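Breakdown of the fold
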Amino acid sequence: MITPTYMLVGIYTLLGQAAAVGVVGTAPGFAASTTGGGSATPGYPADIAELTTWLTDDVARVIVLNKEYNFIGSEGSVTETGCRPASNTCPDNGGQDAINHADWCTNGNAGTGSTDIEVTYDAAGVTPINLGSNKSIIGVGSAGVIKGKGLRIANGAENVIIQNIHITDLNPQYIWGGDAITVAGSDLVWIDHCKISLIGRQMFVAGTTASNRLTISNTEFDGVTTNSATCDGHHYWAIYLLGSNDLVTMKGNYIHHTSGRSPKMGGNTLLHAVNNYFYANTGHAFDIETGAYVVAEGNVFQNVVTPLLAKVGSLFASPSTAANTVCNTYLGHDCQVNTFGSSGTFVGTDTGFLSDFSGKTIATAAAASADIATSAGVGLI
Ligand SMILES: *[C@@H]1O[C@H](CO)[C@@H](O)[C@H](O)[C@H]1NC(C)=O
């Protein structure tokens with residue numbers, strides 16, 4: 001029997017649509033067993049109200065975003081006293097002023113010479129949406145955008161996948177203007193092929209409570225900004241990992257035009273940073289404080305002024321092919337060397353903590369490559 005061509009086209013079109021609305025792949029590394037909304041029927045939220053309901057309820061959901069959801073203005077704006085911190089040496093010319101969140105302006109953190117000023121900001125940006133458990137949030141092509149509000153997986157919410165979503169425009173002119181993605185008191189979170197840009201405060205933060213198993217993969221952290229805490233068009237507040245019991249895999253991410261915290265780490269965090277591309281960082285990439293344990297392998301550092309600000313915690317920086325065989329026992333592969341171009345030094349030979357990787361799901365490693373710049377971000381899966 002000959003099947004008419006038009007029927008095949010119809011069938012393939014249907015299959016194509018069905019394939020486009022599922023999570024693609026599984027998390028590399030620690031969060032490998034994250035299933036999100038699983039096989040729930042995909043739903044397309046009509047507007048920001050329905051999106052918020054679906055994100056926050058306790059129903060397993062696959063939430064598909066095929067347009068922009070703009071929260072700016074939805075909760076009004078706030079005018080109050082904030083400050084111009086000492087770091088803003090370029091007022092009204094590309095610097096970042098601050099909202100007085102947690103008394104930041106008045107407790108000394110704003111630095112000597114900080115002055116009170118009036119600030120006006122969008123209210124939606126400073127309060128993230130608190131997600132329920134068992135959610136997949138998936139973008140279609142590069143259309144899935146959440147504007148003006150962040151996502152928070154906290155207080156026991158777990159098993160969440162955020163894939164192919166662009167989160168942008170959270171009061172970028174203000175320190176404390178909002179965090180794009182927060183995890184605090186969770187387990188099994190996978191962020192994949194997302195893009196984060198124009199954020200007031202943290203692009204990603206794992207708060208002080210335990211985040212347990214977390215994977216951030218193939219995500220673009222775009223630090224290009226018109227309001228920089230370092231007055232140079234680069235975003236300072238990129239990635240902050242300070243959970244009390246966190247296993248974090250960062251693989252295949254493109255972290256560019258930042259000027260600090262890329263990442264800053266503390267608490268009790270084991271980080272496997274593999275095959276990331278750090279580019280055009282005018283300040284520091286890694287700031288490894290007490291309680292942070294890092295294996296960094298197969299990463300590219302290009303035009304990164306200070307790859308390592310501090311190493312109070314532990315770092316295995318994959319120093320040489322010969323030294324890197326030590327990884328095999330614990331990570332299941334020989335570590336890959338990092339590569340450097342027009343960048344500072346990145347030295348760490350600690351191996352005592354490598355046994356912490358035993359028995360965990362570990363991401364594989366490839367040779368360092370700047371091709372990450374074209375494989376990370378939205379619209380690519
Ligand atoms: C999430 O899914 C798991 C596995 O199906 C289930 O045990 C748990 O109760 C769900 N959580 C919520 C809050 O629905």
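Residues numbered from 1 in each chain as written. Predicted model: local features only at pLDDT ≥ 70, side-chain atom pairs only at ≥ 80, totals over all residues. Heavy atoms only, no water.

Here we look at the UniProt feature "domain: Pectate lyase" (unreviewed entry) in the protein
- Here, UniProt's "domain: Pectate lyase" (unreviewed entry) annotation points to residues 98–307.
- Structurally, residues 98–307 is divided into 2% helix and 50% strand, and its ends, taken at the C-alpha atoms, are 27 Å apart. (UniProt positions renumbered as here; feature names shortened; annotations may be inferred. Helix = DSSP H or I, 4+ residues; strand = E, 2+ residues; numbered from the N terminus.)

Overview of the packing of aromatic side chains
- Evaluation of the coordinates by the stated rule reveals 13 aromatic pairs.
- Ring plane angle 50° and centroid distance 6.3 Å describe the contact between Phe340 and Phe346, whose orientation is recorded as tilted.
- The partly exposed category is assigned to Phe340, whose relative accessible area is 40%.
- Residue class for Phe346 comes out buried when judged on its relative accessible area of 7%.
- An aromatic cluster is present here, built from Phe278, Phe286, Phe301, Phe340 and Phe346 joined pairwise through their rings.
- Just above the ring of Trp237 sits the side chain of Arg201; from NZ or CZ to the centre is 3.9 Å.
- The positively charged end of Arg261 is found above the aromatic ring belonging to Tyr240, 4.4 Å away from the centroid. (Phe/Tyr/Trp six-rings, centres within 6.5 Å; stacked < 30°, edge-to-face > 60°. Buried < 20%, exposed > 50% of the residue type's maximum accessible area, 1.4 Å probe, protein only. Lys NZ or Arg CZ within 6 Å of the ring centre and 35° of its normal.)

Points about a nonpolar patch on the surface
- Together, Val24, Leu380 and Ile381 line one region of the surface with nonpolar side chains, adding up to about 240 Å² of accessible area.
- Looking at the element boundaries, Leu380 is found in the segment after helix H5 (372–375).
- With a relative accessible area of 43%, Leu380 lands in the partly exposed category. (Patch = residues over 30% accessible without salt bridge, like charges linked within 9 Å, V, L, I, M, F, W, Y side chains within 5 Å. Areas by Shrake-Rupley, 256 points an atom, 1.4 Å probe, with all protein chains shown as cover. Salt bridge = Lys/Arg side-chain N within 4 Å of Asp/Glu carboxyl O.)

Comments concerning the nonpolar core
- Ile153, Ile162, Ile191, Phe204, Leu241, Leu271 and Phe286 are the most contacted members of the largest nonpolar core, which totals 56 residues.
- In terms of residue count, the dominant contributor to this core is strand S25 (residues 277–288) (4 residues).
- Once residues lying within four places of it in the same chain are set aside, the contact partners of Ile162 are Ile137, Leu151, Ile153, Ile181, Trp190, Ile191, Asp192 and Cys194.
- Ranked by size, the runner-up nonpolar core spans 12 residues in total, among them Cys327, Leu331, Phe353 and Leu354. (Core = buried A, V, L, I, M, F, W, Y, C linked by side-chain atoms within 4.5 Å. Contact = heavy atoms within 4.5 Å.)

Section: the environment of Ala368
- Looking at the element boundaries, Ala368 is found in the loop between strand S29 (339–341) and H5.
- Residue Ala368 is classed as partly exposed on the basis of its relative accessible area of 22%.
- Remark: the alpha-carbon pair of Ala368 and Gly298, spanning 70 residues in sequence, is separated by 4.2 Å.
- If near-sequence neighbours (up to four positions away) are discounted, Ala368 is found in contact with Asn275, Gly298, Asn299, Val300, Val337 and Thr339.

Observations regarding the state of the cysteines
- Here the structure, examined in full by the defined rule, presents 3 disulfides.
- Note that Cys90 is cross-linked by a disulfide to Cys231, the S-S spacing being 1.9 Å. Looking along the S-S bond of the Cys90-Cys231 disulfide, the torsion reads about -95°, which is the left-handed sense. With Cys90 in the loop between strand S4 (77–84) and strand S5 (97–98) and Cys231 in the loop between strand S19 (220–222) and strand S20 (239–241), the pair connects residues that are 141 residues apart, well separated along the chain.
- Paired by a disulfide, Cys327 and Cys335 hold their sulfur atoms 2.0 Å apart. Measuring handedness by torsion sign, the sulfur bridge of Cys327 and Cys335 sits at about -100° and is left-handed. (Disulfide = S-S within 2.5 Å.)

Points about the site of the ligand
- Close contacts around the ligand come from Asp58, Ser133 and Asn134, and that covers them all.
- Within the contact set of the ligand, an oxygen atom lies 3.5 Å away from a backbone nitrogen or oxygen of Asp58.
- At 2.3 Å, a side-chain N or O of Asn134 approaches an oxygen atom of the ligand.
- Protein chains bury 30% of the 360 Å² of accessible surface belonging to the ligand in isolation. (Near = heavy atom within 4 Å. Polar contact = N/O pair within 3.5 Å; in protein donor to acceptor, adjacent residues only side chain to side chain.)

A few points about the sheet that holds strand S24 (residues 269–274)
- Read across the open sheet, the 10 strands follow the order S1-S2-S8-S11-S15-S18-S21-S24-S26-S28; overall the sheet is parallel. If you trace the sheet from one side to the other, it starts and ends with strand S1 (42–43) and strand S28 (314–316), each paired once.
- For strand S18 (residues 212–217) and strand S21 (residues 246–251), the ladder comprises 6 bridges, and the chain directions are parallel. Each bridged residue has a counterpart across the sheet, and for Thr215 the counterpart in S21 is Thr249.
- Packing against the sheet, helix H2 (residues 48–56) makes contact with S1, strand S2 (61–65) and strand S8 (135–139), and its axis sits at approximately 150° to S2. (Pairing = 2+ DSSP bridges. Axes fitted to C-alpha atoms, helices over the stretch in contact; angles between N-to-C directions.)

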